[in-house]
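Summary of structural features
Each chain is listed here by its residues.
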Amino acid sequence: MKRLPFILLIVLLVGSFFAFKSSVARTPPGKYEQIMGLVGQLLVQGHFSPQNIDDGFSKKVFDKFMDDLDFEKNVFLKSDYDSLAALYATRIDDEMKGAPVQSFLAISTVFDRRIRETDGWSKAILAKPFNFEEKESIALDFDKLQYPGSAAERRDRWRKKLKYLALEKYVDLLDEKKANKNQKGYVIKSDKELEQQARSRTDTVIGRLFERYKAKYTADDKFDMFMNAIANTMDPHTSFMAPVDKRYFDEEMSGTFFGIGAALQQVDGKIKISSLNVGSPAEKSGQLQNGDIITKVAQGDGPAEDLMGYNVQDAVKLIRGKEGTIVKLTIRKTDGTVKVVALKREKVETDFDTYARSAVINDPVKHTKLGIICLPEFYAAFDDPNGRRSYLDVAKEVQKLKDAQVNGIIIDLRYNGGGSLYDVVQMVGLFVGKGPVVQVKDRINRANVLDVKDSSVLYSGPLAVMVNEFSASASEIFAAAIQDYGRGVIIGSTSTFGKGTVQRNFGLDAKNGITYGESDLGTVKLTLQKFYRVSGGSTQLKGVESDIVLPSYMDVLKLKEKDNKDALPYDEIAKASYSPWKNSWNLGEIKSLSDQRLKTDSAFKVIKANSQWLVRENNESSLNIDTYREERKAVKAKSDQLNAAQKLKSKMDVTMLPSEANKFADDKNKAERVKQWLKGMSEDIYLNQAANVVDDMVDIDRLAKNATPAVTQ
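On a predicted model such as this, the values are computed, not experimentally measured, just so you know.

**Some thoughts on the overall build of the protein chain**
- Of regular secondary structure, the protein chain possesses 21 helices and 23 strands.
- For 713 residues, the compact-globule estimate of 2.2 N^0.38 gives 27 Å, and the C-alpha radius of gyration of the protein chain, at 28 Å, lies within 12% of that figure.
- Summarising its shape, the C-alpha atoms of the protein chain cover approximately 80 × 80 × 55 Å along the three principal directions.
- Put simply, the protein chain has 713 residues, and 51% of those count as buried.
- Look at the contacts in the protein chain between residues 6 or more apart in sequence, and 76% of them connect residues 24 or more apart.
- About 33,600 Å² of surface is accessible on the protein chain, with carbon and sulfur atoms providing 51% of the total.

**So, the side chain of serine 538**
- Looking at the element boundaries, serine 538 is found in the loop between strand S20 (522-532) and strand S21 (548-549).
- Here the side chain of serine 538 touches phenylalanine 531 through a polar contact of 3.2 Å, landing on its backbone oxygen.
- Excluding residues within four positions of it along the chain, serine 538 makes contact with Lys530, Phe531, Tyr532, Tyr570 and Asp571.

**Quick look at the nonpolar core**
- Membership of the largest hydrophobic core comes to 68 residues, with the highest contact counts inside it found for Met36, Val39, Phe226, Met227, Ile230 and Leu508.
- Per element, the largest residue contribution to this core is 10 residues, and it comes from helix H7 (residues 151-180).
- Discounting chain neighbours no more than four positions away, the residues touching isoleucine 230 are Met36, Val39, Leu43, Phe57, Val61, Ile92 and Met96.
- Counting residues in hydrophobic clusters, the runner-up holds 47 residues, among them Tyr391, Leu463, Ala479 and Leu657.

**Details of the packing of helix H4 (residues 78-88) against helix H6 (residues 103-126)**
- Contact geometry for H4 and H6: axes closest at 10 Å, N-to-C directions at 165°. Here H6 runs roughly antiparallel to H4, going by the angle between their axes. The interaxial crossing formed by H4 with H6 has right-handed handedness. Residues Asp80, Leu84 and Tyr88 of H4 touch H6, and the partners they reach there are Ser103, Ala106, Ile107, Val110 and Arg114.
- Grouping the amino acids of the contact of H4 with H6 by side-chain chemistry returns five nonpolar, one polar and two charged.

**With respect to the sheet that holds strand S17 (residues 489-492)**
- The strand order across the open sheet built from seven strands is S21-S17-S16-S13-S12-S11-S23, with neighbouring strands paired in mixed fashion. The outermost strands of the open sheet, each flanked by one partner alone, are S21 and strand S23 (653-655).
- Examined bridge by bridge, strand S12 (residues 368-374) and strand S13 (residues 408-412) share five bridges and lie parallel to one another. When the bridges of S13 are listed, leucine 370 appears paired with glycine 408.
- Contacts between helix H14 (residues 390-403) and the sheet are confined to strand S11 (357-363), S12 and S13, with S12 contributing the most and set at about 170° to the helix.

**Some words on the pattern of salt bridges**
- Tallied over the full model, the rule gives 42 salt bridges.
- In this structure, the salt-bridge partner of glutamate 153 is arginine 157, at a minimum N-O distance of 3.2 Å. Placement of the pair is glutamate 153 and arginine 157 together in helix H7, with a separation of four residues, close to one helical turn.
- Classification of arginine 157 as buried rests on a relative accessible area of 17%.
- What you see here is one network of salt bridges that share partners, running through Glu134, Glu136, Asp156, Arg159 and Lys163.

**Some thoughts on the side chain of aspartate 696**
- Counting through the fold element by element, aspartate 696 comes out in helix H21 (residues 685-704).
- For aspartate 696, a relative accessible area of 11% gives the class buried.
- The residues touching aspartate 696, leaving out its near neighbours within four places in the chain, are Ile590, Leu593 and Arg597.

**Here's the deal with the packing of aromatic side chains**
- In total, this model carries 25 aromatic pairs according to the counting rule given.
- Between the NZ or CZ atom of arginine 357 and the centre of the ring of tryptophan 677, over which it lies, the distance is 4.9 Å.

**Things to note about unusual backbone geometry**
- Even without being a glycine, lysine 73 presents a positive backbone phi close to 55°.
- With respect to the helices, strands and loops of the structure, lysine 73 is situated in the loop between helix H3 (55-69) and H4.
- Overall, the relative accessible area of 9% leaves lysine 73 in the buried class.

**Focus on the pairing of strand S8 (residues 326-332)**
- Relative to S8, strand S6 (residues 293-299) runs antiparallel, the two sharing six bridges. Bridging across to S8, glutamine 299 finds its partner in valine 327.

**As for helix H15 (residues 421-432)**
- Along its 12 residues, H15 runs 17 Å from first to last C-alpha, staying within 8% of the 16 Å computed at 1.5 Å per residue.
- With 10 of 12 residues buried, H15 is to be regarded as a mostly interior element.
- Considered for burial, the residues of H15 that qualify are Asp423, Val424, Val425, Gln426, Met427, Val428, Gly429, Leu430, Phe431 and Val432.
- Buried residues along H15 sit in contact with H14, S13, strand S14 (435-442), strand S15 (448-452), strand S16 (463-467) and helix H16 (474-485).
- Directly beyond the C-terminal end of H15, a positive phi value near 85° is found at glycine 433.

**Description of the packing of helix H18 (residues 602-617) against helix H19 (residues 625-645)**
- Here H18 crosses H19 at 145°, and the two axes come no closer than 9 Å. Crossing handedness for the pair H18 and H19: left-handed. Of H19, the residues touching H18 (which contributes Ala603, Val606, Ile607, Asn610, Ser611, Trp613, Leu614 and Glu617) are Ala634, Val635, Lys638, Ser639, Gln641, Leu642 and Ala645.
- Split into classes, the residues belonging to the contact of H18 with H19 amount to nine nonpolar, four polar and two charged.

**Section: helix H2 (residues 31-46)**
- For H2, built from 16 residues, the straight-helix expectation of 22 Å at 1.5 Å per residue is met to within 8% by its first-to-last C-alpha distance of 22 Å.
- The element H2 is largely enclosed, with a buried count of 12 among its 16 residues.

**Observations concerning the confidence of the model for the protein chain**
- In the predicted model, the protein chain carries a mean pLDDT of 88, and the fraction of residues at 70 or more is 93%.
- Considering only residues more than four positions removed or in separate chains, one finds that residues 1-12, a stretch of pLDDT under 50, has 17 contacts.

**A word on the environment of isoleucine 206**
- Relative to the helices and strands, isoleucine 206 is located in helix H8 (residues 191-216).
- Taking the relative accessible area as the measure of exposure, isoleucine 206 reaches 3% and is therefore buried.
- When neighbours within four sequence positions are excluded, isoleucine 206 is seen to be in contact with Ser122, Leu162 and Leu165.

The rules behind the values
Residues numbered from 1 in each chain as written. Predicted model: local features only at pLDDT ≥ 70, side-chain atom pairs only at ≥ 80, totals over all residues. Heavy atoms only, no water. Helix = DSSP H or I, 4+ residues; strand = E, 2+ residues; numbered from the N terminus. Rg over C-alpha atoms; globule rule 2.2 N^0.38 Å. Buried < 20%, exposed > 50% of the residue type's maximum accessible area, 1.4 Å probe, protein only. Contact = heavy atoms within 4.5 Å. Areas by Shrake-Rupley, 256 points an atom, 1.4 Å probe, with all protein chains shown as cover. Polar contact = N/O pair within 3.5 Å; in protein donor to acceptor, adjacent residues only side chain to side chain. Core = buried A, V, L, I, M, F, W, Y, C linked by side-chain atoms within 4.5 Å. Axes fitted to C-alpha atoms, helices over the stretch in contact; angles between N-to-C directions. Parallel < 35°, antiparallel > 145°, perpendicular 65-115°, else oblique. Left-handed = near helix turned anticlockwise from the far one by under 90°. Nonpolar A, V, L, I, M, F, W, Y, C, P; charged D, E, K, R; others polar. Pairing = 2+ DSSP bridges. Salt bridge = Lys/Arg side-chain N within 4 Å of Asp/Glu carboxyl O. Phe/Tyr/Trp six-rings, centres within 6.5 Å; stacked < 30°, edge-to-face > 60°. Lys NZ or Arg CZ within 6 Å of the ring centre and 35° of its normal. Expected span 1.5 Å × (residues − 1). pLDDT = per-residue confidence, 0-100.

Right, dumping it as structure tokens:
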């Protein structure tokens, strides 16, 4: 049978309503039924490796949703779980096929009731002093906990949580009292008063938690969580996004949004303005200042929404919107006055935080000058043909560094979670030239090889790529291609994250069903394809193993794709036809030189030992004040050693390119961020090791060319 081209598969998927129905379907369906039906169709007909939508799938969704609502296992009772499971654990698949939606509503009803009970318990528990002399402990490894078997056990579990929070604050207050007892004007309080103050502060923190439950755990909010649990059960990267979340996702990917240009932070449960972008609507209005508290947000002349219980991300979603529209903020000024400020949304670029940026590492002893390019994500303005693209920006940074006559380049992809597939392919071409970069396969067709057509190479010198556990997707494609070609050295954690799958967004529309465009019911980010290296292996699950491994605290935390039970498996296909890069240096020699340095580097020994110790120690905590102090003292000592080990004793000389030294002179906030960024790099032991590796490559290149070091002026 002739294979369907991938684009035709998508067209068929969007343009059809499948025979995915149940005899219990009702007409007309409500919003929830519509969404569940459309999601069910997409998962079955379009997913790369679909599971059967049956009772087994339903049970997994049920458990995931229950865990999402109550991951600490202190809200639901075991009897709640059992009774809800008996009625609904095998019903979710029926609801995806048209049955009336009941499961999530029933679970939500029980959750809301238990939260109201817990709110009442909290006030009663915190009204009485805690006995911190009592010998008891609290379990902090929630994955090992079961749901409490009785109301008394649940209440006691909640009591321990409150006691733990209060104990933290009580010890801090005692330490503050000891440190300030001789300070003039400092009011000395009794231990009894401090214990009461600790409970009061805990009550404030818990009160905000319940405010958030009320503000952001509406029926629609919990339904969004429920749909995400369904999508994530198919695989961790298939997800459901409500319309406002989809808009926020697109903004983060493009690095631009339409808003007011104010940075927000949550302080004491309030949404506070921390800085204003120069030239932004917020700054130009002259009505907003740092420290102002935003209490309400209204869309134009619409009703104002109270931000009580909101976190920063939720507040941001309300403040951003379409270009030219009006947002009205109710502001409490630092002097206590309240005013309403109307602002017109304009385009705002998060340039420093999102876009590629470069700096230079100068080493007068080794006579080298290395370029460092940091790329937070493979961004692309998909809806704007004139918008910024990551590979074009990286090309500009590479050219700047070449003009500055650097001896080698380091690409920093740590914490880069991926992004545009097109951009990563083109970016590989900057360093490799013409040839295959990655293979992409859907569930029907043979693998399609994505390649670079242009044979020109922008940069051919020594190259290293820095990665860590959070380098994922497009980052892994780049690192894998550089590694397979032998073009550069991969430096970092044992392996990258391990996300080797491709997603596309499909809108859910009340009238048109599954669409590409705007969607009033939400969007499904659906896994349709899988990545494979040009050498044939998938980046899925395994990720990319570093050529030079640097011990990392995060490496022991089990946060990678392989640690998720719903992750798709690793597999291999035939390798593509490609010609390895010819280097003057040998990887074995480079690794040997690095190993010699690491063997004598006590910092990485400390990081490895202390990381493993800290993970074990954080599974439980004593609620006895003396034992708690001993535990905290030990943890602080290990943590301080870990933090100190991660900072160079002799800082590197890291500077901006001369042409960019005053780039942010007119924006004090960005100028300060640049200063802190350079400072952070100057004392980064991981970057220092990468610089040493590139220096080795430079030295070998010089020897191969019989060249003498050029003295940097």
